[in-house]
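Chain by chain, the residues:
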Amino acid sequence: MLRMEAVSKSYQHRGQVVNALDEATVHVAKGDFVSVVGPSGSGKSTLLLMLGGMLSPTSGRVLLDDQSIYDLTSDGRARLRKENIGFVFQTFNLVPYLTALENVQVPLYLAGADEKRQNETATALLERVGLGERLDHKPTELSVGQQQRVALARMLANDPAVILADEPTGNLDPETADQVIRFFEEFNEEGRTIVMVTHDPRAAASAKKTLRLRDGKIVSAGKGEITSPRIGPSSLHVA
C-alpha cells in the first residue's frame, strides 16, 4: 500500500546539514493502522508529509500502490492526494468564514461534485460525527473538539483509502481525544489505512502497529516496538 525505500531528507540550517530522515525503509500494508512515535524533532512529521506527497525526499522513493509519488508532476501528485489520501491536522485547518457544512463541502466541490451531492454527503458526514445540529455554525462558534470533528468529516468527504494524521488529539481534552480515537478505530475497521503521528500514549495504543523514530532514524516497529533482527534499524516492515 504505502512504501518508503531508503528515503532520506536533509536540509541546510545555519550552515549545517540537518538530516530530518535518514535512509528510512517502511512498508505499511493495506488496511493497517500505524502510529508513529518519538521525541520532538525525530522526523515524524517529515515522514508523514513525504508519505502524503507533500515533501519530496533528498534521496529514495515513496510509493503508493506501486506508483512512485515523486516521479509524478506536481499536478499528478495533487490528483493522487485528492483521490486517495485524507489528511487530519492538529490545527484543524478549517476555513474560518465557512460553516461546518461548507467546510466539508470544499473537497467535494473541488472534486466536481454537483451541489446536491455536496450537500447530501457533507450533511451525512457531519451527522456521523455527531454534528447534525451544527451544520450552519462557523468554526468560532464550535468547541475545539467539535472543530476537530468537522475536520474528520471533511477528511472523509472524498472517501480516502489512506488517512494521514498529524497529532489529531494534540489540542483536545482527554474525553474528546478518546472520542476522536474511537472514530479512527472505526475508520480503520472500514478498511482504511491509517498512519498517525502522535505523542499521546492512548492514541498510539489504539493502533495495530507502532513505528518509533529517533534522530531521523527508524529504531523499532511492531505492536510491541520490537526491532526486527533480520534487517537494519532504518529498514523495517510494519505490515
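Residues numbered from 1 in each chain as written. Predicted model: local features only at pLDDT ≥ 70, side-chain atom pairs only at ≥ 80, totals over all residues. Heavy atoms only, no water.

J.: An account of the overall build of the protein chain is needed here, citing residue identities and associated values.
T.: In terms of helices and strands, the protein chain carries seven helices and 11 strands. By the compact-globule yardstick of 18 Å for 239 residues, the protein chain fits well, its C-alpha radius of gyration being 18 Å. Principal-axis analysis of the C-alpha atoms places the extent of the protein chain at approximately 50 × 40 × 40 Å. Expressed as a percentage of the 239 residues in the protein chain, the buried residues total 51%. Split by element, the accessible area of the protein chain, about 11,500 Å² in all, is 48% carbon and sulfur. Measuring between centres, the 27 positive side-chain charges of the protein chain sit 5 Å from its 30 negative side-chain charges. (Helix = DSSP H or I, 4+ residues; strand = E, 2+ residues; numbered from the N terminus. Rg over C-alpha atoms; globule rule 2.2 N^0.38 Å. Buried < 20%, exposed > 50% of the residue type's maximum accessible area, 1.4 Å probe, protein only. Areas by Shrake-Rupley, 256 points an atom, 1.4 Å probe, with all protein chains shown as cover. Lys, Arg positive; Asp, Glu negative; His and termini not counted. Charge placed at Lys NZ, Arg CZ, Asp CG, Glu CD.)

J.: Explain the nonpolar core to me, using residue names and the numbers behind them.
T.: Ranked by internal contacts, the top residues of the largest apolar core, which has 36 residues, are Leu126, Val150, Leu152, Phe184 and Phe187. Sorting the residues of this core by element identifies helix 3 (100-110), helix 4 (115-128), helix 5 (144-156), strand 7 (162-166), helix 6 (174-189) and strand 8 (193-197) as the ones contributing at least two each. Excluding its chain neighbours within four sequence positions, the residues that come into contact with Phe184 are Phe33, Val88, Leu152, Ile163, Ala165, Pro168 and Ile194. Grouped together as the second largest cluster of nonpolar side chains are 28 residues, Phe87, Leu164, Leu211 and Ile218 included. (Core = buried A, V, L, I, M, F, W, Y, C linked by side-chain atoms within 4.5 Å. Contact = heavy atoms within 4.5 Å.)

J.: Explain the side chain of Ser68 residue by residue, including any values.
T.: Position of Ser68 relative to the elements: it lies in strand 5 (residues 67-68). Look at Ser68 and you get buried, because its relative accessible area is 8%. Here the side chain of Ser68 touches Asp71 through a polar contact of 3.0 Å, side chain to side chain. Beyond its immediate chain neighbours, meaning those up to four positions away, Ser68 contacts Arg61, Val62 and Leu63. (Polar contact = N/O pair within 3.5 Å; in protein donor to acceptor, adjacent residues only side chain to side chain.)

J.: For the pattern of salt bridges, give the residues involved together with the corresponding values.
T.: Summed over the entire model, instances satisfying the criterion amount to 11 salt bridges. Across the pair Glu5 and Arg3 runs a salt bridge, and its minimum N-O distance is 3.0 Å. When the shortest N-O distance is used, the salt bridge between Arg128 and Glu186 registers 3.5 Å. Of the two residues, Arg128 is situated in helix 4 and Glu186 in helix 6; the sequence distance between them amounts to 58 residues. Put simply, Arg128, Asp159, Glu186, Glu190 and Arg192 are held in one network by salt bridges that share partners. (Salt bridge = Lys/Arg side-chain N within 4 Å of Asp/Glu carboxyl O.)

J.: Can you tell me about helix 3, naming the residues and giving the values?
T.: Where helix 3 is concerned, the buried positions are Ala100, Leu101, Asn103, Val104, Gln105, Pro107 and Leu108. Looking at the buried residues of helix 3, the elements they touch are helix 4 and helix 5. Positive backbone phi, approximately 90 degrees, marks Gly112, located one or two places after helix 3.

J.: Would you mind going over the pairing of strand 3 (residues 33-37) in detail, with residue names and values included?
T.: The side chains of a regular strand alternate between the sheet's two faces. In terms of burial, strand 3 is largely enclosed, as five of its five residues are buried. Neither face of strand 3 is open: one carries Phe33, Ser35 and Val37, the other Val34 and Val36, and all of them are buried. When strand 3 meets strand 9 (residues 209-214), the two strands line up parallel, connected through four bridges. Across the sheet, Val36 pairs through a bridge with Leu211, a residue of strand 9. (Pairing = 2+ DSSP bridges.)

J.: Explain the packing of aromatic side chains to me, using residue names and the numbers behind them.
T.: Within a pair of aromatic rings, the relevant descriptors are the distance that separates the centres and the angle that separates the planes. The final tally for this structure, using the stated rule, is three aromatic pairs. Ring geometry for Phe183 versus Phe187: centroids 6.2 Å apart, planes at 20 degrees, classification stacked. Remark: Phe187 and Phe183 occur in helix 6; sequence separation between them is four residues, near one turn of the helix. Ring geometry for Phe184 against Phe187: centres 5.9 Å apart, planes inclined by 65 degrees, an arrangement best described as edge-to-face. Here Phe184 and its partner Phe187 are both found in helix 6, three residues apart, which amounts to about one turn of the helix. Judged by its relative accessible area of 0%, Phe187 is buried. (Phe/Tyr/Trp six-rings, centres within 6.5 Å; stacked < 30°, edge-to-face > 60°.)

J.: Describe the packing of helix 3 against helix 4, naming the residues involved and giving the relevant values.
T.: Where helix 3 contacts helix 4, the two axes come as close as 9 Å, and the packing angle between them is 125 degrees. The angle between the axes of helix 3 and helix 4 places the two elements in the oblique class. The two elements helix 3 and helix 4 meet at a crossing, and its hand is right-handed. Two secondary-structure elements touch here, helix 3 through Ala100, Leu101, Val104, Gln105, Leu108 and Tyr109 and helix 4 through Arg117, Gln118, Asn119, Thr121, Ala122, Thr123, Leu125 and Leu126. Each residue belonging to the contact of helix 3 with helix 4 can be placed in one class, and the counts come to eight nonpolar, five polar and one charged. (Axes fitted to C-alpha atoms, helices over the stretch in contact; angles between N-to-C directions. Parallel < 35°, antiparallel > 145°, perpendicular 65-115°, else oblique. Left-handed = near helix turned anticlockwise from the far one by under 90°. Nonpolar A, V, L, I, M, F, W, Y, C, P; charged D, E, K, R; others polar.)

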